[in-house]
Amino acid sequence: MNRQAFNFLIAGFCAFLSCESKKEASRQTSQPVYLDTPYLQDYAIKYHAESDDLEFKKVFTDRNDVIQVLTSGGLYRPSNGHFQYPGLLKPDKTYLPMADKLLSDMCVYRRQFVYLDHEAVFSNAWAGKLFSRHEFPSADMVCAGSDAEFMISDGTGLRLIVDSETIWASKSDLESIRDIKYDQGDKTFFILSEGAMHAFSKTTKRLDKIIGGSGFTCFELLPDNSLVIGSNDGYRKYSLAGSPMGEKMTKLPWTEITAIKSIDGKLWFGSTKGAFMLKEDGKFNYYYGLRWLPGEKVIHISGGPEKSVLILTDKGLGQICFEEMTLEDKAMRYEKQVRQRQIRYGINSNVTRLKNHDLSTAENRVADSDNLWTGMYLGSQLFRYLATGSEEARQNCYEAFEAMERMHEINGIPGLFGRSFERRGYQEFKKEFRSYVENYWYEGYQGTVSWRHADDPEWDWRASASSDQTVGQIFSLILVAEYMDDEAWKQRAIRLLDGLMAYIVENDFCLIDYNGMPSLWGRWHPAYVNRFDTMIGDRKICSSNIIAFLQAAYRFTGKELFKEKAFYLMNEHGYLENLARPVSEIGHAPKDADAWSKMLSNGWNHSDDEMYFLAYWALYPYALNDTLKAIYREAIRDHWELERPEKNSLWNFCYAMTGAAEFDLEESIWHLKEFPLDMVQYETRNSHRKDIEFMEPGFWGQTTGEVLPPDERPELKHNRSLFKLDAGDRQSELSAGDTFLLPYWMGRFLGVISGPQRIRQPGYSGQPG
């Protein structure tokens, strides 16, 4: 938080001096600006076990950055693991004689591996000269002191050995020794058992009980001359003399603590449900599930190479890496990912049907909202081009535009667009049926939108275009028409915009599908919109969207028809009142409402949020007069206030587009930084957590007092409930094209995020925050 606060202070000053790009100069100088300096981005490299029979015990790194894992089958090493491409743990055959050693424990002494077997404490370092016999064949725990002294235990007894000599042995057994650690400053060994903490002083040769209790599982010595003891129900901090320092901490992601380790000034905890790191603000970064770890139960934690953290679980090893990068660096990672895996015929799409999360098995398949996701990706690339001048971004934009354009052209119906398209023969055509809904006959296909054959025998296209797809079209077309610096491309966008809106106006503010029937979700006409009670969300969203569409069409075509129709809907049918109605008035339908109204108002529709905010780019800038602009600004502000708890950078930057001085920039940067580099949709669970405040979700659906970071929650799409806590494994990888790249590059275009600054702030520690 200190580094981030410094960012904002410096950036606010630099905003008046910076001229990094003419195309970023359109920002409001009264708005705050985030200075994009390096931060630490976390991600995981995972290593799975080759065999289910292995029991994992310890993991350590030596001074050569060699990682060794002690298992019931001997020593193992991680092999060929990379980000998003897990490796394996394989037997370590580096020292052939080690295969014949029956190792029971290991530790690190002077940054070298030290081993324990039934005969000795020994090492392969120092020319193999460390070989200290112990005559304690049942020993299965070893802890290094100073000057080649080692405390060993079999779980009850203790012995201190030096150069094959036992210089001290406990006179009576302790009960269930869990762990042993050495404090260099006090020259003291601390021994934790299930019910007590003992301290053995090398100076006095005394073993004293300093803390009593029950259910102890693990502990760690801290740099501030204190220690932390974990238990089956949280942890507690003590002085080295045994005095409690504060209450027991149970407000944790999970309270069954299995491991504690202080690494580079950060306190890490392992549990039976993942690992977590204590942050400076008292909250935790939670590493749980297959995005981060191969297994649920953490066995051991230690520092790894290049300031990584090694988390050994019951199913393998997770290496949490921290890489210094700027937000632009992160964006460029995503740019590469999207281009390599997420683009199909220029369409921005997710990859699906992953087998065991293996990206080499992915299929790039059609989705219901290909049109919308592509429009959002197009926007990201145009904003990128405007902010940086990148020729690559402009080409990406052109390619996405051609995909959007083809959705208009492939069906042979002027003005109508399809949801998607695919080569013929790869989509199932459902049997048609008719259903009467809202006084309109429409054609559906057993719960899915329909596929139709194009005139071109090579292609099929997907029908049943909807209001959210229309938003995607309008959003992308107006951006190209407004900002693209090539007149030919601008005119292509305007032609599509003109055709689409003329088609909607000609058909009584409906999208008429291939069958001559209104599309179920493509209706903005007054008889449909105003039939709903004022608390039904569709009355507001439909009014807001269609006025935005008509204004945009008028702005770029100059045709009075579109302006007249906008005023007709506002003045004759109350669309201005509808769109300006406070969002607080939206709620459940009355008990006597029809079934359709009740279905639409089961809860807040988060897809509507995406439709609202993207269409605000046509509603506010193209207001037909200043009076309307002021009304729109207030309506947008009112909606944004409701959404603030989500800390969603896309909503915040769309609001910043209105020139708002306060738009939660700090929360937006948090949102972007916390986005996971790994976008695979693994199973995610949070409802068990003890560190979050649960709430009755109510109509809006907020389940917790604070929204969880994106890398800990299951939903990353903007049209989903970001307060959702749990989700199953969806065996797919989301595209960053609409989720991250659109808000990031929008922020760059608006000038509220600077270009990358390769400087370090005072106090920068290089540690994760």
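It should be noted that the structure appears before, not after, this text.
Keep in mind the model is a prediction, meaning the values are calculated, not measured.

J.: Whenever I open this one, the packing of helix 2 (residues 327-342) against helix 17 (residues 741-750) confuses me. Can you help?
T.: For any two helices packed against each other, one specifies the crossing angle of their axes together with the interaxial distance. In the contact formed by helix 2 and helix 17, the axes pass within 10 Å of each other and the chain directions differ by 135°. Taken together, the axes of helix 2 and helix 17 lie oblique to each other. For the pair helix 2 and helix 17, the sense of crossing is left-handed. Touching Leu327, Glu328, Ala331, Met332, Tyr334, Glu335 and Val338 of helix 2 are Leu741, Tyr744, Trp745 and Arg748, all from helix 17. Of the residues in the contact of helix 2 with helix 17, the class split is eight nonpolar, no polar and three charged.

J.: Help me understand the sheet that holds strand 23 (residues 266-271) in this model?
T.: Backbone-to-backbone hydrogen bonds pair the strands of a sheet. The strands run either parallel or antiparallel. Strand order in this open sheet of four strands is 22-23-24-25, and the pairing throughout is antiparallel. The open sheet terminates on both sides in strands that have one partner only, identified here as strand 22 (257-263) and strand 25 (284-287). On average, each strand axis in the sheet is tilted by 20° relative to the strand beside it, whichever way the strands run. Of the strand pairs in this sheet, strand 24 (residues 274-278) and strand 25 are connected by four bridges, and their pairing is antiparallel. By the bridge assignment for strand 25, Ala275 is matched with Tyr287.

J.: Help me understand the packing of helix 8 (residues 537-557) against helix 12 (residues 606-619) in this model?
T.: Following both chains from N to C, one finds helix 8 and helix 12 inclined at 30°, their axes separated by 8 Å at the closest point. Compared by their axis directions, helix 8 and helix 12 come out roughly parallel. For the element pair helix 8 and helix 12, the recorded crossing hand is left-handed. Counted together, Gly537, Asp538, Lys540, Ile541, Ser544, Asn545, Ile547, Ala548, Gln551 and Ala552 of helix 8 and Asp608, Met611, Tyr612, Ala615, Tyr616, Ala618 and Leu619 of helix 12 form the full contact between these two elements. Its residues placed into classes, the contact of helix 8 with helix 12 shows 10 nonpolar, four polar and three charged.

J.: How should the sheet that holds strand 18 (residues 206-212) be read in this particular structure?
T.: Sheet architecture is open: four strands sit in the order 15-16-17-18, paired in antiparallel fashion. Edge positions in the open sheet fall to strand 15 (177-183) and strand 18, since each of these has one partner strand only. Ignoring strand direction, the axes of neighbouring strands in this sheet form an average angle of 20°. As defined by bridge partners, strand 15 adjoins strand 16 (residues 188-193) across six bridges and the pair is classed as antiparallel. Considered in strand 16, the bridge of Asp183 is made with Thr188.

J.: Quick question: what am I supposed to make of the packing of aromatic side chains here?
T.: Two aromatic rings, taken as a pair, are described by how far apart their centres are and by the angle between their planes. For the structure shown, the criterion picks out 42 aromatic pairs. Residues Phe383 and Trp617 carry aromatic rings whose centres are separated by 5.3 Å and whose planes lie at 45° to one another, so their mutual orientation is tilted. Placement of the pair is Phe383 in helix 3 (residues 370-388) and Trp617 in helix 12, with a sequence separation of 234 residues. By the burial criterion, Phe383 is buried, and Trp617 matches it. For the pair Trp617 and Phe749, a centre-to-centre distance of 6.5 Å together with 40° between the ring planes defines the contact as tilted. One end of the pair, Trp617, is in helix 12; the other, Phe749, is in helix 17, with 132 residues separating them in the sequence. Here the two residues Trp617 and Phe749 agree in accessibility, since each one is buried.

J.: Looking at this structure, how should I read unusual backbone geometry?
T.: Negative phi is the rule for most residues except glycine; trans is the rule for most peptide bonds. With a phi close to 65°, Arg111 is a non-glycine residue in the positive phi region. A positive phi angle, close to 55°, is found at Arg353, a residue other than glycine. Here Arg353 shows up in the loop between strand 31 (351-352) and strand 32 (363-364). Judged by relative accessible area, which is 48%, Arg353 ranks as partly exposed.

J.: How should I be thinking about helix 13 (residues 626-643) in this particular structure?
T.: For an α-helix the count is 3.6 residues per turn, leaving residues at separations of three or four pointing the same way. Helix length check: helix 13 (18 residues) gives 26 Å between terminal C-alpha atoms against 26 Å at 1.5 Å per residue, within 8%. Of all the residues in helix 13, the buried ones are Leu628, Tyr632, Ala635, Ile636, Asp638, His639, Trp640 and Glu643. Of the surrounding secondary structure, the elements contacted by the buried residues of helix 13 are helix 8, helix 9 (560-573), helix 10 (575-580), helix 12 and helix 14 (649-656). One side-chain oxygen at the N-terminal end of helix 13 lies 3.1 Å from the backbone nitrogen of Thr627; it belongs to Asn625.

J.: Is there a simple way to think about the pattern of salt bridges in this case?
T.: In a structure, side chains of opposite charge can pair up when their charged atoms sit close to one another. With the rule as written, the count across this model stands at 48 salt bridges. Across the salt bridge formed by Arg394 and Asp485, the nearest N and O atoms sit 3.5 Å from each other. In this pair, Arg394 sits in helix 4 (residues 391-409) while Asp485 sits in the loop between helix 5 (467-483) and helix 6 (487-506), placing the two residues 91 residues apart along the sequence. Owing to a relative accessible area of 45%, Asp485 belongs among the partly exposed residues under this scheme.

J.: What is the right way to look at the side chain of Asn411 in this model?
T.: Considering the arrangement of structural elements, one finds Asn411 in the loop between helix 4 and strand 33 (420-423). By relative accessible area, which is 9% here, Asn411 ends up buried. Of the polar contacts made by the side chain of Asn411, one reaches the backbone oxygen of Leu416; its length is 2.8 Å. Excluding its chain neighbours within four sequence positions, the residues that come into contact with Asn411 are Leu416, Phe417, Gly418 and Trp461.

Calculation notes
Residues numbered from 1 in each chain as written. Predicted model: local features only at pLDDT ≥ 70, side-chain atom pairs only at ≥ 80, totals over all residues. Heavy atoms only, no water. Axes fitted to C-alpha atoms, helices over the stretch in contact; angles between N-to-C directions. Helix = DSSP H or I, 4+ residues; strand = E, 2+ residues; numbered from the N terminus. Parallel < 35°, antiparallel > 145°, perpendicular 65-115°, else oblique. Left-handed = near helix turned anticlockwise from the far one by under 90°. Contact = heavy atoms within 4.5 Å. Nonpolar A, V, L, I, M, F, W, Y, C, P; charged D, E, K, R; others polar. Pairing = 2+ DSSP bridges. Phe/Tyr/Trp six-rings, centres within 6.5 Å; stacked < 30°, edge-to-face > 60°. Buried < 20%, exposed > 50% of the residue type's maximum accessible area, 1.4 Å probe, protein only. Expected span 1.5 Å × (residues − 1). Polar contact = N/O pair within 3.5 Å; in protein donor to acceptor, adjacent residues only side chain to side chain. Salt bridge = Lys/Arg side-chain N within 4 Å of Asp/Glu carboxyl O.

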